Amino acid sequence: MPSSTPLDKFSYDDDIVRKFALATLIWAAVATVAGLFVALLLVVPDLSFGTPYLTFGRLRPLHTNAAIFAFAGNAIFAAVYYSTQRLCKARMWSDTFSKLHFWGWQLIIVLAAITLPLGMTQGKEYAELIWPIDLLIAVVWLGFFGTNFFMTLKHRRERHMYVALWFYIATIVTVTILHVFNNLVVPFNLFEGYSIYAGVQDALMQWWYGHNAVAFFLTTPFLGLMYYFLPKAANRPVFSYKLSIIHFWSLVFIYIWAGPHHLHYTALPEWAMTLGMVFSLMLWMPSWGGMINGLLTLRGAWSKVAEEPVLKFFVVGITFYGMATFEGPMLSIKSVNGLSHYTDWTIAHVHAGALGWNGMMSFGMLYWLLPRIFQTKLYSKKMANWHFWLGTLGILAYIVPIYVAGLTQGLMWRAFDEAGNLAYPDFVETVQAIEPMWWARVFGGALFIAGIGLLAYNWLMTWKTRPSKYEEPVIEAAPLSKDYADGPAPTSEYQGHAVSDLGQRFDVWTQAHWHRIWERLPMKFTVMTVFAVLLASALELIPSFMIRSNVPTIDTVKPYTPLELAGRDIYVAEGCYNCHSQMIRPIFAETERYGEYSKPGEFIYDRPFQWGSRRIGPDLAREGGKQSHLWHLRHLRDPEATTQGSAMPQYPHLEQTKLNFAGIPDRVEAAAMLGAPYEAELLHAQDMARAQAKTIVAELVAQDGPDRIFFDPADAANEAAYDDPSKYIMLEETQAIALIAYLQRIGVDLHAAEEVGEEPSMVAENPADATPARTVGGAR
């Protein structure tokens with residue numbers, strides 16, 4: 001660089017970092033306290049107090065969204081805004097966009113905290129937020145955050161992009177793709193809509209999104225965080241530049257394929273499940289490459305780990321990353337997944353990653369940032385050490401009993417006695433068996449929260465010693481010239497770090513020259529990242545949509561009636577999918593317990609699919625007709641009255657809330673627009689719904705059930721109250737009847753033809769393409 005080149009003068013925007021760091025602390029407390037309350041609801045269901053806003057089904061999505069998008073999300077943004085400016089030697093392109101990003105993201109979180117307890121949900125894991133909020137997410141994420149980030153890259157003063165920036169690029173573009181394609185809906189009012197995907201295809205799209213939300217929201221940005229903050233804290237260079245290249249590109253390409261392993265033994269086509277398993281197993285190698293790169297960065301600095309709490313958090317966080325990325329591929333193996341899926345084993349696995357990897361890395365980053373963003377000393381290193389030990393012990397106290405609970409569930413579900421019968425035929429026996437483990441989980445969660453309390457106090461006391469006015473050091477750096485040629489390979493320094501003696505003894509120029517070219521071309525680098533993601537996604541998803549034999553049609557499967565459609569939406573709003581699955585796998589123990597295994601063609605009108613990912617209650621795929629209307633009414637009102645020991649909350653509000661019959665035609669029209677073959681329903685949806693409700697109530701009365709619900713139970717014995725409509729609500733007008741209508745419909749279409757002496761058939765585009773029945777574990 002000629003000496004006459006003028007230098008630019010600028011300062012970094014640390015105010016935005018302080019904002020996101022504070023939001024990280026606040027939402028960490030909120031998310032974990034919500035999680036503790038949700039855990040308590042499983043052992044003390046009455047904590048919901050009969051109110052719909054505090055039930056497990058509504059609050060579990062609130063907890064997961066708060067943990068992922070509020071706590072982890074704000075930690076990501078704090079890391080990105082701090083490190084990007086320094087890696088690019090440039091202030092963020094727009095302070096205004098930074099502020100719009102911050103306040104827009106907090107608004108999204110608050111809207112989620114309002115809508116989810118109100119039952120306003122799309123019913124898809126990690127994608128529950130309703131379509132108007134989804135639009136806001138797209139604007140804030142790509143419009144404000146993405147634009148600000150990429151424009152900062154464009155105006156950077158550092159030629160080559162450091163590895164952390166690669167992971168930030170992959171995060172921004174891939175999350176955008178995942179969010180947009182998974183959340184495409186046809187709205188039927190200001191807050192609700194139906195997914196454009198149904199059944200098998202919806203399940204594949206959801207777990208393409210769901211698994212990669214873990215990959216590109218909870219993994220890649222935290223790897224970027226690791227690559228920047230760990231070397232800074234240890235004052236050592238990254239162990240291997242070459243390994244970081246292999247780690248990045250293999251992770252970006254392979255991770256996107258792994259989603260179908262969440263759907264083993266379901267109605268998903270066999271090829272998709274196998275593909276998901278193979279790529280999940282391949283993931284182990286690049287994931288551990290990243291872990292090794294992180295831990296070996298500490299070579300020569302392990303003595304500091306004993307002294308510095310920041311490094312303790314990072315070491316444990318990276319170790320949990322290694323554990324989770326070993327266990328994940330293991331759980332993708334079909335035989336292992338057959339035992340683990342739908343059990344608490346998955347919950348333990350997820351929390352080992354979320355609390356251990358994301359939580360500990362976030363806390364380590366915050367402790368490193370506090371003295372720098374507040375320009376003072378950390379108040380108490382000893383208190384930070386106590387936080388570390390409380391957090392670590394809390395994680396172990398949480399996950400160990402839940403691993404035991406998951407294994408207990410899986411083994412009890414598939415256990416048979418000497419006579420060949422199910423050893424535990426009543427599902428509630430498995431719930432009662434693991435209740436002590438659930439209590440242990442509460443204790444572990446409380447320890448983890450106590451650690452966050454120490455962080456909050458340490459934060460407050462550090463903030464109090466800040467200077468009255470923050471200094472804003474002026475940085476000088478030369479702008480990038482238009483003409484550039486790569487020079488000789490660095491031998492002793494790379495991007496400010498010594499590399500000659502720490503495992504980087506290779507010629508960067510000859511071994512990675514091609515990649516160094518990309519590193520100074522951010523737009524080309526971004527295009528290649530998008531290409532890798534889109535190629536892998538297309539090869540996985542397109543066949544399921546283009547080859548009709550993947551989802552053979554069953555001619556007896558008909559669309560839901562208007563009342564059943566409304567009841568299904570109530571089922572989704574109450575979050576029933578958080579506890580119940582609707583997918584009987586072709587495993588002998590399941591077919592013995594629940595009935596014939598589920599077929600792909602049964603779900604062609606299910607928007608969204610409701611296969612679930614956990615069984616706190618029994619599977620409902622063949623629920624229709626198993627119980628009387630009166631049984632369902634009593635079960636919703638008080639689960640203990642029908643199932644002693646149930647962990648299900650009470651739903652008395654369903655009997656006291658009127659169904660919005662006027663909104664049913666909009667639901668029917670949206671479903672018809674998406675392919676449901678409605679005819680008369682389009683003209684008479686409301687009348688048909690009322691007629692079916694009357695029929696159900698008439699049958700319920702014949703079973704010695706009520707035809708009305710008194711707001712004050714004491715009025716039930718008062719004949720005068722029957723003449724006063726203000727004292728009661730007619731049962732046929734309630735949400736409870738619509739939900740019962742849906743529950744009685746689930747799974748009955750498969751054998752509907754048998755009632756008239758016909759054989760149900762599966763029809764594909766070519767009859768020869770129909771998927772044959774599969775046999776797994778002795779099931780027909």
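Here's a quick rundown of the structure. Being a predicted model, the structure only gives us computed values, none of them experimental. Note on numbering: residues in each chain are counted from 1, in written sequence order. Restriction of local features to residues with pLDDT of at least 70 applies here, the model being predicted, together with a cutoff of 80 or more for giving and counting side-chain atom pairs; totals for whole chains, interfaces and linings are based on all residues. Heavy atoms from the whole structure form the basis of all side-chain values; hydrogens and water molecules are not counted.

Let us now look at helix α4 (residues 131-154). Spacing of three or four residues puts side chains on the same side of an α-helix, whose turn is 3.6 residues. Strands are runs of DSSP state E lasting at least two residues, helices are runs of H or I lasting at least four, and both sets are numbered from the N terminus onward. Multiply 1.5 Å by the residue count of a helix minus one, and that product is the helix's expected span. End to end, α4 covers 32 Å across 24 residues, agreeing with the expected 34 Å (1.5 Å per residue, within 8%). Note that the bend at a residue is defined as the angle between axes fitted to the seven residues ending at it and the seven residues starting at it. The sharpest bend along α4 comes to roughly 35°, located at Gly-146.

Turning our eyes to something else, we now look at empty space enclosed by the protein. For cavity detection a 1 Å grid was placed over the protein atoms alone, and a set of points counts as a cavity when a 1.4 Å probe fits there but cannot get out; an open set counts as a pocket when protein lies on both sides within 12 Å along at least five of seven lines, with lining residues being those that have an atom within 4 Å of a point. Grid points are joined across faces, edges and corners, and a volume is the space filled by probe spheres set on the points. A complete count under the given rule lists 7 cavities of 30 Å³ or more for this structure. Space inside the second largest cavity adds up to approximately 200 Å³. Forming the walls of the second largest cavity are 17 residues, and the residues nearest its centre are Tyr-560, Glu-602, Asp-606, Ile-746 and Gly-747. Along the lines of polarity and charge, the residues of the lining of the second largest cavity split into 8 nonpolar, 3 polar and 6 charged. Residue type decides the class: Asp, Glu, Lys and Arg count as charged, Ala, Val, Leu, Ile, Met, Phe, Trp, Tyr, Cys and Pro as nonpolar, and the leftover types, Gly among them, as polar.

Side-chain rings of Phe, Tyr and Trp (the six-membered ring for Trp) are treated as a pair once their centres are within 6.5 Å; stacked means planes under 30 degrees apart, edge-to-face means over 60, and tilted covers the remaining angles. Across all of its chains, the model carries 55 aromatic pairs by this definition. An angle of 50° between the planes, with centres 5.3 Å apart, marks the rings of Trp-249 and Phe-525 as tilted. Residue Trp-249 is located in helix α8 (residues 241-255), and its partner Phe-525 is located in helix α17 (residues 522-546); the two are separated by 276 residues in the primary sequence. Taking the ring centre of Tyr-470 as reference, the NZ or CZ of Arg-18 above it sits at 3.9 Å. Ring-over charges, as used throughout, are those where CZ of Arg or NZ of Lys falls within 6 Å of the ring centre and within 35 degrees of the ring normal. Lying over the aromatic face of Phe-661, Arg-690 brings its terminal NZ or CZ to 4.1 Å of the ring centre.

Let us now look at unusual backbone geometry. Backbone geometry follows two general trends: most residues other than glycine have a negative phi, and most peptide bonds adopt the trans configuration. Along the chain, Arg-607 connects to Pro-608 via a cis peptide bond; the corresponding omega equals 0°. Among the secondary structure elements, Pro-608 is positioned in the loop between α19 (588-594) and α20 (629-637). Backbone geometry places Asn-235, a non-glycine residue, at a positive phi of 55°. Here the term buried applies to any residue with accessible area under 20% of the maximum for its type, exposed to any over 50%, and partly exposed to those in between, with areas from a 1.4 Å probe on protein chains only. Judged by its relative accessible area of 61%, Asn-235 falls in the exposed class.

Moving on, we come to the pattern of salt bridges. Salt-bridge detection follows one rule: a side-chain nitrogen of Lys or Arg within 4 Å of a carboxyl oxygen of Asp or Glu. Inspection of the entire model under this criterion finds 26 salt bridges. A salt bridge links Glu-125 to Arg-60; the shortest N-O distance between them is 3.6 Å. Of this pair, Glu-125 sits in the loop between α3 (95-115) and α4 while Arg-60 sits in helix α2 (residues 56-88), and the two are 65 residues apart along the sequence. As far as burial versus exposure is concerned, Glu-125 and Arg-60 are alike and both buried. The partner of Glu-590 in a salt bridge is Arg-615, and the shortest N-O contact between them spans 3.0 Å. Taken together, the positions of Glu-590 in helix α19 and Arg-615 in the loop between α19 and α20 put the pair 25 residues apart, joining distant regions of the chain.

Shape is all these values report; function is a separate question.
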